[in-house]
Amino acid sequence: MDKSTRPTDIFKKRLRAAREFRELSQGELAKRADLQASAISHFETGTRKPSFDNLKRIADALRVTTDYLLGRTNEIDGSAVSADQLHRHYAGLSTEYQEMADSFIQMLASKAKKKKPKGE
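Parameters and conventions
Residues numbered from 1 in each chain as written. Predicted model: local features only at pLDDT ≥ 70, side-chain atom pairs only at ≥ 80, totals over all residues. Heavy atoms only, no water. Core = buried A, V, L, I, M, F, W, Y, C linked by side-chain atoms within 4.5 Å. Buried < 20%, exposed > 50% of the residue type's maximum accessible area, 1.4 Å probe, protein only. Helix = DSSP H or I, 4+ residues; strand = E, 2+ residues; numbered from the N terminus. Contact = heavy atoms within 4.5 Å. Axes fitted to C-alpha atoms, helices over the stretch in contact; angles between N-to-C directions. Parallel < 35°, antiparallel > 145°, perpendicular 65-115°, else oblique. Left-handed = near helix turned anticlockwise from the far one by under 90°. Nonpolar A, V, L, I, M, F, W, Y, C, P; charged D, E, K, R; others polar.

Topic: the nonpolar core
Membership of the largest hydrophobic core comes to 22 residues, with the highest contact counts inside it found for Leu15, Phe43, Ile58, Leu62, Val64 and Leu69. Every element with two or more residues in this core is listed here: helix 1 (7–21), helix 2 (26–33), helix 3 (37–45), helix 4 (52–62) and helix 5 (66–69). If we ignore the near neighbours within four places in the chain, the residues touching Leu69 are Ile10, Phe11, Arg14, Leu15, Ala18, Leu55, Ile58, Ala59, Leu62 and Val64.

A look at the packing of helix 2 against helix 3
Look at helix 2 against helix 3: their axes get within 8 Å of each other, and the N-to-C directions meet at 115°. With respect to helix 3, the element helix 2 is oriented roughly perpendicular. Between helix 2 and helix 3 lies a crossing of right-handed hand. Across from Gln26, Gly27, Leu29 and Ala30 in helix 2, the residues of helix 3 making contact are Ala37, Ile40, Ser41 and Glu44. Residues of the contact of helix 2 with helix 3, tallied by class, amount to four nonpolar, three polar and one charged.

Dropping the structure here:
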């Protein structure tokens, strides 16, 4: 495995990409994850690795999966994880509300497509 594909290299790149995608500074992410801003900086430079608890807190604060941060999936939005849950909710809607949901999701998808993180 070459140096650019080490798990720690993937994590630090994904962490920064997700933070920038969510338009957060290191300090803002730290506050949302209840961590010190210096910890986020250390994680992004690769000088420190997060504990499992901190990894989960960071993923939750960024609204991404830990699998995305660890390079196990390329889906930043976690769509594979929540598709079943969305389907259950959608199936319970009337036709009118399903059409509204379709329009809203198309609008959000179009917006997100324009905002994909660099290097992804």
